[in-house]
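# Coordinate inspection notes
Residue strings, one per chain:
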Amino acid sequence: MSDHDKIRELLPLAAAEVLDQQEERLLAEHLRTCSVCAAQLEEWRLLAGGLRRLPTPQPRGVVVERARAMAQIRLTEHLEHQWNRGVMTGLIAFAWILTLLSWPVFRFISGGFLSMLDPQFSHTWLVFCVFTTLVWAGGGAAAILLSMQQRRERSLA
Ligand SMILES: [Zn+2]
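Residues numbered from 1 in each chain as written. Predicted model: local features only at pLDDT ≥ 70, side-chain atom pairs only at ≥ 80, totals over all residues. Heavy atoms only, no water.

Within the chain one finds five helices and zero strands. Ordered by position from N to C terminus, the α and β elements of the chain give α-α-α-α-α. Taking all contacts inside the chain whose residues are at least 6 apart in sequence as the whole, residues at least 24 apart take part in 60%. Approximately 11,900 Å² of the chain is accessible, and the part contributed by carbon and sulfur atoms is 65%. (Helix = DSSP H or I, 4+ residues; strand = E, 2+ residues; numbered from the N terminus. Contact = heavy atoms within 4.5 Å. Areas by Shrake-Rupley, 256 points an atom, 1.4 Å probe, with all protein chains shown as cover.)

Side chains of Ile92, Trp96, Leu100 and Trp136 sit close together on the surface and give an oily, nonpolar patch of about 420 Å² of accessible area. Top element by residues in the nonpolar patch is helix H4 (residues 61-117). It accounts for three residues. Topologically, Trp96 is positioned in helix H4. With relative accessibility at 44%, the residue Trp96 sits in the partly exposed group. (Patch = residues over 30% accessible without salt bridge, like charges linked within 9 Å, V, L, I, M, F, W, Y side chains within 5 Å. Salt bridge = Lys/Arg side-chain N within 4 Å of Asp/Glu carboxyl O. Buried < 20%, exposed > 50% of the residue type's maximum accessible area, 1.4 Å probe, protein only.)

Next up on the list: the nonpolar core. The nonpolar side chains of a soluble globular protein tend to be buried, and buried together. Core analysis: the largest hydrophobic core is formed by nine residues, namely Ile7, Leu10, Leu11, Ala14, Leu19, Leu27, Cys34, Cys37 and Leu41. Looking at this core element by element, the count peaks at four residues for helix H1 (residues 3-15). Filtering out sequence-adjacent residues up to four positions away, Leu10 remains in contact with Leu19 and Glu23. (Core = buried A, V, L, I, M, F, W, Y, C linked by side-chain atoms within 4.5 Å.)

Attention now goes to the coordination of the zinc ion. At the metal site, the zinc ion is ligated by His4 (ND1), His30 (NE2), Cys34 (SG) and Cys37 (SG), and these contacts range over 1.9 to 2.3 Å. When the donor residues of the zinc ion are listed from N- to C-terminus, their spacing reads H-x25-H-x3-C-x2-C. One end of the pair, His4, is in helix H1; the other, Cys37, is in helix H3 (residues 35-52), with 33 residues separating them in the sequence. (Donors = N, O, S within 2.8 Å, 3.2 Å for Na, K, Ca; no water.)

What follows covers the pattern of salt bridges. Think of it this way: side chains of opposite charge can pair up when their charged atoms draw near. All told, the structure shown has one salt bridge when counted by the stated rule. Here Glu65 makes a salt bridge to Arg68, at a shortest N to O gap of 3.0 Å. Of the two residues, Glu65 and Arg68 are both situated in helix H4; the distance of three residues between them amounts to about one turn of the helix. Accessibility expressed as a relative area gives 42% for Glu65, which makes it partly exposed. For Arg68, a relative accessible area of 45% corresponds to the partly exposed category.

Attention now goes to the packing of H1 against helix H2 (residues 21-31). In a packed pair of helices, the relevant descriptors are the angle between the two axes and the axis-to-axis distance. Where H1 meets H2, the closest approach of the two axes is 10 Å, and the angle between their N-to-C directions is 115°. As H1 packs across H2, the resulting crossing turns out to be left-handed. Only Glu23, Leu26, Leu27 and His30 of H2 make contact with H1, whose side of the interface consists of Asp3, His4, Ile7, Leu10, Leu11 and Ala14. Broken down by class, the residue content of the contact of H1 with H2 amounts to six nonpolar, two polar and two charged. (Axes fitted to C-alpha atoms, helices over the stretch in contact; angles between N-to-C directions. Left-handed = near helix turned anticlockwise from the far one by under 90°. Nonpolar A, V, L, I, M, F, W, Y, C, P; charged D, E, K, R; others polar.)

So this is what it looks like as C-alpha cells:
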C-alpha cells in the first residue's frame, strides 16, 4: 500500500479530528506534497463541519445529502475552472502557432506573386498585419464567449 493510499484512509478521521500524533505528523507531511489529498481533506472537513452543525445527534438524511451535494458542487466548479483555463491557454497557443506557421507560407505565396506583379513590399506587411489581427480577434472572441458562458453558469448555480 502506497503512502498516498494510506493517507487517503486517514482523511475522514483527520476531518473528525481523531488522529493520534504520529498519524497527524504523517498526514501533514504528505499534504505538503500532495494537492489531491489536500483537496480531499477540505471536502471531508466541509462534510464534517456540516455534520457537526446538526441539531440532533442522529444526522438527518436531507442535511447529510445537502452537505455532500455542496462538496460535490465545489469539486465540480474547481474542475470546470481548471478546464476553462486549459481551453484559454490552448486558444492562445493555437493563435500563436497559426500566426507563426502561416507567416513563411504567406511569404512564399506572396513572394511568388510579388515577383510576377512587382507591387510594393509594404503591401505584404499590411496583409500580414490584417491577417494576424483577424487571428487574434478570433482568439479574443472565443475568450469572451468562454467567460460569458462561465458567468451565465455561475448565475444559474
Ligand atoms: Zn496523496
